[in-house]
Amino acid sequence: MWSLGRLPVVSEAETPHVTTPLPDVTAVPLSPETAVESAPWFALWTRSRHEQVVREQLERKQIETFLPTITRWSRWKDRRKKVAWPLFPGYCFARFDTAQRLGILRCTGVVSIVSFDGEPAPIASAELENIRRLVDTELQYDPCPLIHEGTMVEVAYGALKGVVGRLVRKGAHARLVLSVDLIGQAVSVEVDAADVKAY
């Protein structure tokens, strides 16, 4: 019999051990590859001649960028040299999650992210893919103002097969205009009218 005020002593061997598993409340994060693939593209408005600076900073932050260029002749003192100029001066494209916007805006040369109603406005991936395919070819192309008139066509043959744009005339030649509607910019390339079809 136990005396008043005293508790029984239970040996460690007699102590029951009951392990209750804790609920798993840890969210599984997206892999970097999945996160990048699901992130939209945005247009960054840059200071004059800071497009390359912005791109280099973003790449150091491991943010995917796209800065289409066009080769132009430039005079350097006593000689001429081919220089790659931004196809759309004042703009650089980047793919990122909007939660990263503060880090983007802190990059030297970034003025703002092109936005609507205060929110970054995503760009259709197909528009940038069309531009990317064009600059990867040997075709001659030129930047031009976005033209709203004309017929939407799809290239049926050649290096740009499947690319959709607006067909316009420039002198005696037909040109295909590929646009990035969000920033009101476009690029045109000469095409054979027989190589396109109504879209």
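Because the structure is predicted, anything quoted here is derived from the model rather than measured.

S.K.: For the sheet that holds strand β5 (residues 91–95), give the residues involved together with the corresponding values.
M.R.: Across a sheet, strands are paired by hydrogen bonds formed along the backbone, either parallel or antiparallel in direction. Ordered in space as β2-β5-β1-β6, the four strands form an open sheet in which the pairing is antiparallel. Two strands bound the open sheet, and with one partner strand each, they are β2 (64–66) and β6 (110–113). Geometrically, the sheet is characterised by an average inter-axis angle of 35° between neighbouring strands, direction not taken into account. Bridge count for strand β1 (residues 41–46) against β6 is three bridges, and the pairing is antiparallel. In the strand pairing of β6, Thr46 is matched with Val110. Taken strand by strand, helix α2 (residues 51–60) contacts β1, β2, β5 and β6, and its axis lies near 15° from that of β5. The strands touched by helix α4 (residues 125–135) within the sheet are β1, β2 and β5, with β2 carrying the most contacts at an inclination of about 60°.

S.K.: If you had to explain the state of the cysteines to someone new, which residues and values would you point to?
M.R.: Within this structure, the stated rule accounts for zero disulfides. Looking at Cys92, it has no disulfide partner, and the nearest cysteine sulfur is the one in Cys107, 9.6 Å off. Classification of Cys92 as buried rests on a relative accessible area of 0%.

S.K.: Talk me through the nonpolar core; I want residue IDs and the actual numbers.
M.R.: The nonpolar side chains of soluble globular proteins are, as a tendency, buried together. Ranked by internal contacts, the top residues of the largest apolar core, which has 30 residues, are Phe88, Phe93, Ile131 and Ile183. Listing elements by their share of this core, those giving two or more residues are β1, β5, α4, β10 (151–155), β12 (173–180) and β13 (185–191). If sequence neighbours within four positions are ignored, Phe93 has contacts with Trp41, Phe42, Ala43, Glu64, Thr65, Phe66, Pro68, Phe88, Ile123, Leu128, Val180 and Ile183. In terms of nonpolar packing, the next biggest core, distinct from the first, is built from 13 residues, Leu44, Leu67, Cys92 and Cys107 among them.

S.K.: If you had to explain the environment of Trp85 to someone new, which residues and values would you point to?
M.R.: Checked against the element boundaries, Trp85 lands in strand β4 (residues 79–86). Here Trp85 is in contact with Arg49, Pro68, Thr69, Ile70, Arg72 and Ser74, once residues within four sequence places are set aside.

S.K.: Lay out the layout of surface pockets in plain terms, naming residues and giving numbers.
M.R.: The computed volume of the largest pocket comes to approximately 340 Å³. Lining the largest pocket are 13 residues, and of these Ile70, Thr71, Leu139, Gln140 and Tyr141 lie nearest its centre. Those elements giving two or more residues to the lining of the largest pocket turn out to be β3 (69–76) and β9 (141–145). Broken down by element, the residue count for the lining of the largest pocket peaks at five residues, all from β3.

S.K.: Which residues make up the packing of aromatic side chains, and what are the values?
M.R.: Inspection of the entire model under this criterion finds three aromatic pairs. Ring centres 4.7 Å apart and planes at 35° place the aromatic pair Phe42 and Phe96 in the tilted group. With a gap of 54 residues between them, Phe42 in strand β1 and Phe96 in the loop between β5 and α3 (101–105) connect regions that are remote in the sequence. Residue Phe96 is classed as buried on the basis of its relative accessible area of 1%. Ring geometry for Phe88 versus Phe93: centroids 6.3 Å apart, planes at 90°, classification edge-to-face. For the pair Phe88 and Phe93, a shared accessibility class is recorded, and that class is buried.

Parameters and conventions
Position labels on residues start from 1 in each chain and follow its written sequence. It should be noted that, the model being predicted, local features are given only for residues of pLDDT at least 70 and side-chain atom pairs only at 80 or more, the latter also being counted only at that level, while totals for whole chains, interfaces and linings use all residues. To obtain the side-chain values, all non-hydrogen atoms of the structure were included, while hydrogens and water were left out. Between any two strands, pairing holds if DSSP finds at least two bridges. A run of DSSP states H or I qualifies as a helix once it reaches four residues; a run of E qualifies as a strand once it reaches two. Both are numbered from the N-terminal end. To define axes, lines are fitted to C-alpha atoms, for helices over the stretch in contact only, and angles between the resulting N-to-C directions are given on a 0 to 180 degree scale. Contacts between residues were defined by any pair of non-hydrogen atoms, one from each residue, lying within 4.5 Å. Sulfur atoms of two cysteines make up a disulfide when they are within 2.5 Å. Three labels apply to residues, based on accessible area from a 1.4 Å probe with only protein chains included: buried if under 20% of the type maximum, exposed if over 50%, partly exposed otherwise in between. To define a nonpolar core, start from buried Ala, Val, Leu, Ile, Met, Phe, Trp, Tyr and Cys residues and group those joined through side-chain atoms within 4.5 Å. In this analysis, the protein atoms alone were mapped onto a 1 Å grid. Cavities are point sets where a 1.4 Å probe fits without being able to get out; pockets are open sets with protein on both sides within 12 Å along at least five of seven lines; lining residues have an atom within 4 Å of a point. Grid points are joined across faces, edges and corners, and a volume is the space filled by probe spheres set on the points. Aromatic contacts are taken between Phe, Tyr and Trp rings whose centres are within 6.5 Å, Trp giving its six-membered ring; a plane angle under 30 degrees counts as stacked, one over 60 as edge-to-face, and the others as tilted.

So yeah, pure geometry; function would need other evidence.
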